[in-house]
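Residues per chain are reported as follows:
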Amino acid sequence: MRNCYLGIDVGSVSTNVVLMDENKEILGKVYTKTQGKPIDAVKRGLKEVQYQITDEIKVKGVGTTGSGRHLAAMMVGADVIKNEITAHGIAALNFVKGVRTIFEIGGQDSKIILLKNGIISDFAMNTVCAAGTGSFLDRQAARLDIPIQEFGNKALLSENPVRIAGRCAVFAESDMIHKQQLGHNQEDIIKGLCDALVRNFLNNLGKGKDLAGPVVFQGGVAANVGIKKSFEEALGFEVLVPPHHEVMGAIGCCLLAQEHASKNNGTDFKGFDIVHSGYQVKGFECLDCSNGCEVIEIMKDGQLTARWGDKCGKWSNNITTDQEKLA
Amino acid sequence: MTIKIGIPRGLWFYDYYPLWKTFYEELGAEIIISNPTNKNLLDKGVKNTVDEACLPVKIFNGHVIDLKDRVDYIFVPKMMSVYKDEYICPKFCGLPEMVEHSIPNLPPLIDTEINFNQSRKHIMKTVYEFGSYVTKNPIKIRKAYSKALQAYEEYKDKISQGRFPIDGELTSKQLMLNNKNKKKIALLGHTYQLYDRMGSMDIMKKLQDYGVEILIPEMINMDVINEKAATLEKKMFWSYGRKALGTAIYLKENSDIDGAIYVSAFGCGIDSIIGDLFERWTRKDGDIPFLLLTIDEHTGEAGVNTRLEAFIDMIDWRKRDEGNLPAHG
């Protein structure tokens, strides 16, 4: 029987599940698309990771992160719920020795994390605008009818990249179309896009920061070799992409869960059986005051398990009494 | 019949309302304050404001709409300048006109101009003009004004002790922790945003729930801030900018804070410059962690929560790391 830790990262585009043992060895990892249905994605991720495991295992701790971390935590019974920045920082620290700078580009957000003496010393995250993140690349790949997996390789073939305005996704797209109608070839346009995104990232997030190496590039977009190359060209030195770059957030959660388990007894993990449970989500607008909060109710197998979204707390706090009433 | 004067709970409200409330109440008027910002009010404000305006102006218009059918006058002074050679912001300067042309069927506005850009010599003339909406008796007005000033000084005094007028209600004094988990964070932002629970996504409460001791510029001696601001290469002619940059220099030199957070209003022209200058000044030769939060009409709080949580984590981590260093060498 091996002791394991489960990490779940529910992002806007992908949901990642990682199972790690006590020696920080990755036993199983799943990268699956969220597709707007985080509950299904978590279930699918758990099911798939279970298939990958052949040994007898015992889950000693669970951590969740990503924008859907609270939802996932409620489903699986998490011990640690952490923001993405901390989770990514911890994962990189454990897998790349002496890392000083982390670039992370995910589905809807991008961040830069600076580390000093093995701790996070500064970070920046994109503001409301999601230009230059994974979902924009996905969209452009779909528009050009190129599978996203090949997008980066196309960029490497470019000999004469065009310049594209990357400040805003909407402008970038019209600029790309403009260049395409002028007759530039696809490789050059794709490379131009990679350069534009990197320029935007470094200007926006890296502004005024001392970007020292080793630099680690992680998140789903790190799979794109075109972007990696553009980063290297802009910085003038090598950028490392760690082996499990696409699931680093989930790995960070495993590490956090391990740390938590070493200090506390027991786990809240509800077991892999939850993949067989049915979850229904119901949303309603509370009309008791003029705030009109959008309240979400989660039912597990017909039983109310969680509520959130209200400002005053009257729905989220009342959950135990309502459960009794229902029973 | 007593005159009913409505004061919108927005913009300069958080800086001055005891002054104005006391003034008009002393003159015998009834003061009605609009409801705290809520979603309904925000929606109405957004609908009735030009698209380019910043979020706080949209919220302000929401408050005007909230008041318009239940008062005789709405108090919307034309705030041009409150200090010599300084201005507030273009939107404040044109606020009464903007309100008048955005919202139909308004009661008359009290839109007296406040302009001390040249000097404060004629301040009483402005005061009489404000008072004339209720009475023509100059003695009564002068008396009311001195009472109002007193209330205003008391209010400022309470804020300087760390009591915050959240939605206009002064909080009790913040708990000052004195153990190793103590975290002190400087919080910068327009008063009308920080103290508006909806407009700031309740950031002050969130920070206090994390056990953070908040430092706002109003808790630092204003003379010191002005002194620091005077060392800037060029005079900062926006009053808010002067305060923010003076604070930045002060924090850099006397840093007992663990971090600084700048809350910026989406669409604020001043913030786009001051936020960046503030970051540069606080970071010059130092490494105070800095977080910029831009808040707009989004109601999703997840983005703000994630950034705050990560920021607090980072500070905790840094402090733990400092604690691990051997005490000698």
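What you see is a predicted model; the values in this text were computed from it and never measured.

### Some points on the sheet that holds strand β12 (residues 290-295) of chain B
Residue and element names in this part refer to chain B.
Right, so step 1: Spatial strand order, β10-β9-β11-β12: four strands in an open sheet with parallel pairing. Because the sheet does not close on itself, it has two edges, and the strands there are β10 (212-215) and β12. Averaged over neighbouring strand pairs, the angle between their axes works out to 30° when direction is ignored.
Right, so step 2: By the bridge criterion, six bridges tie strand β11 (residues 259-265) to β12 in an arrangement that is parallel. Bridging across to β12, S264 finds its partner in T294.

### A few points about the domain arrangement of chain B
All names here are of chain B.
Right, so step 1: Under the domain assignment, chain B is made up of domain 1 (4-160) and domain 2 (166-324).
Right, so step 2: Using C-alpha coordinates to define each centre, domain 1 is positioned 26 Å away from domain 2.
Right, so step 3: The interface is formed by 28 residues belonging to domain 1 together with 27 residues belonging to domain 2.
Right, so step 4: Mapped by element, the contributors of at least two residues to the side of domain 1 that touches domain 2 are α1 (13-26), α2 (39-47), α3 (55-67) and α7 (138-160).
Right, so step 5: For the side of domain 1 that touches domain 2, the leading source of residues is α1, giving four residues.
Right, so step 6: Along the lines of polarity and charge, the residues of the side of domain 1 that touches domain 2 split into 19 nonpolar, four polar and five charged.

### A short note on the domain arrangement of chain A
Right, so step 1: By the assigned domains, chain A splits into domain 1 (2-88 + 249-276), domain 2 (98-241) and domain 3 (279-326).
Right, so step 2: Between domain 2 of chain A and domain 3 of chain A, the C-alpha centre-to-centre distance is 40 Å.

### What to know about the interface of chain B and chain A
Right, so step 1: With 20 residues of chain B at the interface, the matching set in chain A holds 19 residues.
Right, so step 2: Mapped by element, the contributors of at least two residues to the side of chain B that touches chain A are α2 and α13 (302-324) of chain B.
Right, so step 3: Ranked by the residues each element gives to the side of chain B that touches chain A, the list is headed by α13 of chain B, at 10 residues.

Quick notes on the rules
Residues numbered from 1 in each chain as written. Chains lettered and ligands numbered in written order. Predicted model: local features only at pLDDT ≥ 70, side-chain atom pairs only at ≥ 80, totals over all residues. Pairing = 2+ DSSP bridges. Helix = DSSP H or I, 4+ residues; strand = E, 2+ residues; numbered from the N terminus. Axes fitted to C-alpha atoms, helices over the stretch in contact; angles between N-to-C directions. Domains from an automatic or database assignment. Contact = placed C-beta atoms within 7 Å. Nonpolar A, V, L, I, M, F, W, Y, C, P; charged D, E, K, R; others polar.

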